[in-house]
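Geometric and topological summary
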Amino acid sequence: AEKFDNIQQSYNEKRFTESTIMIDKILVHAPDHQKSLQLQSQLKQKYHQAEQFYAEIKQGIESENETLKQLLELLKHAMNIYPDHPAGIMVQLKILNLSKLYKLSVKKGNEAIQNQNWLWALQFFEQAHKIEPGSGILKVKIEHLKQIQQMRHEIDTNIKLGDFEKAKRLAHLTDFIITEIRSSDS
């Protein structure tokens, strides 16, 4: 009874791996201990539920179909079901790496904007947007950067054609877009 109380406490504190080990020890000596068998069954059920969440998260990471926000929500559910599930560590590391890559891409994109390196900024923001496609700010920045590229091309074309007035108007419009992109938050 005392050992089972320790198991129950461990279970209540969601230290399921520890609980499983202690249950196994009780069942070696008392294979028909009903409370231990019931708790073991509950733990197995939780283990398999969490395993399904972790498999879904892993698939979402590999397929790139889930946003970072969605992956974090699934991870939260999985950890709530079975916090010390063995699959959790690898998934958590992968999500952490995705999160770091997202932040680094946004940071590098903003630095590229400050250095007026529009092509690099676009590449960094597109990489970040691939990780978190729900970001409206990134969408706006990507659209602005694509407009800048298009306008630069049109400016060059108009200069080659000798239409300097149109090239000048496009340059002013490009300056306006650059001001807009620099003022938007990331």
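To start, this report covers the structure provided alongside it.

So, how was this worked out
- Residues numbered from 1 in each chain as written.
- Predicted model: local features only at pLDDT ≥ 70, side-chain atom pairs only at ≥ 80, totals over all residues.
- Heavy atoms only, no water.
- Helix = DSSP H or I, 4+ residues; strand = E, 2+ residues; numbered from the N terminus.
- Rg over C-alpha atoms; globule rule 2.2 N^0.38 Å.
- Buried < 20%, exposed > 50% of the residue type's maximum accessible area, 1.4 Å probe, protein only.
- Contact = heavy atoms within 4.5 Å.
- Areas by Shrake-Rupley, 256 points an atom, 1.4 Å probe, with all protein chains shown as cover.
- Expected span 1.5 Å × (residues − 1).

1. Remarks on the overall build of the protein chain
When you go through the protein chain residue by residue, the secondary structure sums to 8 helices and 0 strands. When the helices and strands of the protein chain are listed from N to C terminus, the series reads α-α-α-α-α-α-α-α. Radius of gyration (C-alpha) of the protein chain: 27 Å, far over the 16 Å computed for a compact globule of 186 residues. Buried residues in the protein chain amount to 33% of all 186 residues. Considering only intrachain contacts with a sequence separation of at least 6, the fraction spanning at least 24 residues in the protein chain is 58%. For the protein chain, the exposed surface amounts to about 11,900 Å²; the carbon and sulfur share of it is 53%.

2. Topic: the side chain of Ser10
Counting through the fold element by element, Ser10 comes out in helix α1 (residues 2-12). Excluding anything up to four places from it in sequence, Ser10 contacts Arg15, Glu18, Ser19 and Met22.

3. Section: helix α3 (residues 34-63)
The end-to-end C-alpha separation of α3 is 43 Å, in line with the 44 Å expected for 30 residues at 1.5 Å each. Considered for burial, the residues of α3 that qualify are Ser36, Leu39, Gln40, Leu43, Ala50, Tyr54, Ile57, Gly60 and Ile61. The secondary structure elements touched by the buried residues of α3 are α1, α2 (16-29), α4 (68-81) and α5 (86-114). The positive-phi residue at the C-terminal boundary of α3 is Glu64, with phi of around 60 degrees.

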